[in-house]
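Geometric and topological summary
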Amino acid sequence: MHGAADFATAFAPRYLGGGTGCCFSPLPLLSVVSSVTPLTDHVIRAAVLIQKWYRFTMARLEMRRRYSLSIFQSIEYADEQDQLQLIQKWKMGCTLQRYALQGRIGFPSLNMCQNGISQIFTSPSAPQVVDEDLCLKEFEKKIAVPDSYYGPRLSFPLTVEDANALLHAFRNEQLLHARYVLQLLSETRRVLKEMPNITHLSTSYSKEITVCGDLHGNLDDLLLIFYKNGLPSEQNRYVFNGDFVDRGKNSMEILIILFAFLLIYPNDLHLNRGNHEDYIMNLRYGFTKEVSKKYKLKSLMRPPKSARDRQDQPKKRIPTTKPSKHTANQHVTGKTQRISSSGFTEPSGSNLPPDPALKEWKQILDILWSDPRSQNGCTPNKCRGGGCYFGPDVTAKLFERYNLKMLIRSHEFKPEGYEISHDGKVITIFSASNYYEEGSNRGAYIKLNPELTPRFVQYQVSKFTRRQNLRERVGTIESSALKSLREKIYAHRSELTSAFAQYDVNGTGRISVNDWAAAMESVLQLELPWRMLRSQLAQMNPEGEVDFMSCFYDLKMGQPVKEAQPALAETLCRYRKDLEIIFNIIDKDHSGLISLEEFSQTWRLFTSHLGIDVQDDSIDKLVLSIDYNKDGHIDFNEFLEAFHVVHRLEKKATS
């Protein structure tokens, strides 16, 4: 770095005088240039050296940032794929059961289906037992607001002052009382039922339209949008493009705010449905837990009823909520219509008659889960497991058929908050900043003028009082991504060990980097740069061979239960989220408890559908061991928590 030192010396400030009375020398520019002239070669070499170092450093940081985001997205899509496969299997099982009950097909295990699948699909998203509007009204009367409650007190019809009171309360982390929540939900439900699935909007110079994308429970992003862009009003109209809830910790507050403004300005604030406005998705990705935690009620959305009431009262089907679409000036659409098959598959050789409910579900899957891509054509979206990938040619045909100019959609994470594709015809807008981790991405929203020219506004919320530098931000993102990846690896330990063993013919415990990468991809199928990630995940000896078991050194099961055999423990760890969804569906009163019989039936159905080979007596012994008070019920959330992955180093640091 001799050149760098000369570079610094050449451009250091020159001083006149001595002691403490120093000042800058007013040398003319010509004399400065002439004094530097003899060092020109050194200066150039130093500048080139510094430039190379800077570019190398920035390239490495960008590489780390990109593979970290790739890890997050690959795991997210794999998780969604598992989710949709689970729903598909259960819905197909429910269809088979219905046809079996009607005598239209033979079904060998009808009794098990009746006790299991039928019970599972009597969920809040399917048939209900009484009129919900009447239930909510009756339930409201039973909830008193105490004098000690100091939060907002709402009166209907709502006013702008009520909305401002909600915003102020939520900024200060206050909760809206359950009585007002129920009243708000009841009024919103009434208004939404009267609205069409397709809404036509128009722009003018005094009435631009702001389009926002996914918020995913990030209240700070919504508050920042309102701060920068103004509150909804007749002159400041908004379209929110779905995915309001899940993942973030303030989904309830976001819904309350959006519903309040919808009631105040029903013609100026519009809400589209996203794929996360779904009961099953909410069970997996956090919204259901958030509601239960904040309001500590067995059922906020549904009044609790006795078992006899559920049996005696006739069932009434609630209309299925469908995706909505908004068009501005007839040329811009906020949601696509059905453009392809979702890739949903019927059982091999099935001669089942078409099921209207399944057909509708597949159509909704297409609308809510499809993504654009640069290649022409339309193919099943295998990464997510639902919807399709549609190319520029499909967009062009759709636009020509419906006389459209632009499609504004959401649903996909974008590092800059938005992305323009298909020659400017398709815009993806994503409004949740820091989606994966602090500093992982910006959020954005769109302003549409009368000419329908989009103007993008980007932002990024930060919880730090001191702004992190680039190296710190990338380090935080990378650390979080690798933590998630290690948990995924540990959940597939048996399969990975078997895959490694196929390459380790001599039983040394070491294989080449290429073989290690091939084994990782064959099992996890995440399409990640495994060779690049090797140094973060596994140890390598001086000969360049990978110690493949080192992938698991820093990980272990959370609270090991001695009755759980290793294979069973790994199965429970791997499918913990899937089991949690099913148990929550069975748990009608949201008590967190299910009977041992229900647990066993659910487990057998689950393992048979996924082809998991676990002996029944193993799970029976395990279940009996965790029925601590021997009342015939288990707390399944506590049970499943015992089978999560713990990072050893992290545990030592916090202990």
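Position labels on residues start from 1 in each chain and follow its written sequence. This being a predicted model, a pLDDT of at least 70 is required before a residue's local features are given, and a value of 80 or more before pairs of side-chain atoms are given or counted; all residues contribute to the totals for chains, interfaces and linings. Side-chain descriptors were evaluated using all non-hydrogen atoms of the structure, hydrogens and water having been removed beforehand.

As recorded by an unreviewed UniProt entry, the protein chain carries the name Serine/threonine-protein phosphatase with EF-hands and is attributed to Hirundo rustica rustica. Database annotation for the protein chain, UniProt heading Sequence similarities (unreviewed entry): "Belongs to the PPP phosphatase family." UniProt positions are given in the numbering used here, feature names are shortened, and annotations may be inferred rather than shown by experiment.

Things to note about the side chain of Thr210
Helical segments are the DSSP runs of H or I of at least four residues, strand segments are the runs of E of at least two, and each set is numbered from the N terminus. With respect to the element layout, Thr210 can be found in strand 4 (residues 209-212). For Thr210, a relative accessible area of 0% puts it in the buried group. At a separation of 3.2 Å, a polar atom in the side chain of Thr210 contacts the side chain of Lys447. In what follows, residue pairs with any heavy atoms lying within 4.5 Å of each other are defined as contacts. Setting aside its immediate chain neighbours within four residues, Thr210 contacts Asn229, Asn236, Arg237, Tyr238, Val239, Tyr445, Ile446 and Lys447. Under the scheme applied here, a residue whose accessible area is under 20% of the maximum for its type counts as buried, over 50% as exposed, and between as partly exposed, the area being computed with a 1.4 Å probe on protein chains only. Any pair of nitrogen or oxygen atoms within 3.5 Å is treated as a polar contact; in protein, a donor-acceptor pairing is required on top of that, and neighbouring residues in sequence qualify only through side-chain atoms on both sides.

So, the sheet that holds strand 18 (residues 539-540)
A pair of strands is considered paired only if DSSP assigns at least 2 bridges between the two. Spatial ordering of the open sheet is given by 17-19-18, a layout of three strands whose pairing is antiparallel. Of all strands in the sheet, those with a lone pairing partner are strand 17 (510-512) and strand 18, marking the two edges. Sheet analysis places strand 17 next to strand 19 (residues 545-547), joined by three bridges and oriented antiparallel. Bridged to Ile511 within strand 19 is Val546. Lying over the sheet, helix 17 (residues 513-524) contacts strand 17, strand 18 and strand 19, oriented at roughly 95° with respect to strand 17. Fitted lines through C-alpha atoms serve as axes, helices being fitted only where they are in contact, and the angles separating the N-to-C directions of these axes extend from 0 to 180 degrees.

Digging into the packing of helix 17 against helix 18 (residues 530-537)
Two elements in contact, helix 17 and helix 18, have axes separated by 10 Å at closest approach and are oriented at 95°. Classed by the angle they form, the pair helix 17 and helix 18 counts as roughly perpendicular. Between helix 17, through Val513, Asn514, Trp516, Ala517, Met520, Glu521 and Leu524, and helix 18, the contact on the second element is made entirely by Trp530, Arg531, Arg534 and Leu537. Each residue receives one of three labels: charged for Asp, Glu, Lys and Arg, nonpolar for Ala, Val, Leu, Ile, Met, Phe, Trp, Tyr, Cys and Pro, and polar for the others, Gly being one of them. Considered class by class, the residues forming the contact of helix 17 with helix 18 number seven nonpolar, one polar and three charged. Angles below 35 degrees are treated as roughly parallel, those above 145 as roughly antiparallel, those between 65 and 115 as roughly perpendicular, and all remaining angles as oblique.

Describing the nonpolar core
The set of buried Ala, Val, Leu, Ile, Met, Phe, Trp, Tyr and Cys residues whose side-chain atoms join them within 4.5 Å is what this entry labels a nonpolar core. With 49 residues, the main nonpolar core has Leu176, Phe226, Phe240 and Ile256 as its most contacted residues. Among the secondary structure elements, those contributing two or more residues to this core are helix 6 (160-171), helix 7 (178-194), helix 8 (219-229), strand 5 (237-240), helix 9 (251-264), strand 6 (269-271), helix 11 (287-295) and strand 16 (454-459). At twelve residues, the largest contribution of residues to this core is made by helix 9. When sequence neighbours within four positions are dropped, the list of residues in contact with Phe240 reads Cys212, Leu215, Leu222, Phe226, Leu258, Leu269, His270, Leu271 and Asn272. With 37 residues, the next largest nonpolar core counts Leu69, Phe413, Trp530 and Phe552 among its residues.

Re the environment of Arg574
One can find Arg574 in helix 19 (residues 566-574). Classification of Arg574 by relative accessible area gives partly exposed; the value is 33%. In this structure, the C-alpha to C-alpha distance between Arg574 and Tyr490, residues 84 residues apart in sequence, is 8.6 Å. Beyond its immediate chain neighbours, meaning those up to four positions away, Arg574 contacts Ala491, His492 and Glu495.

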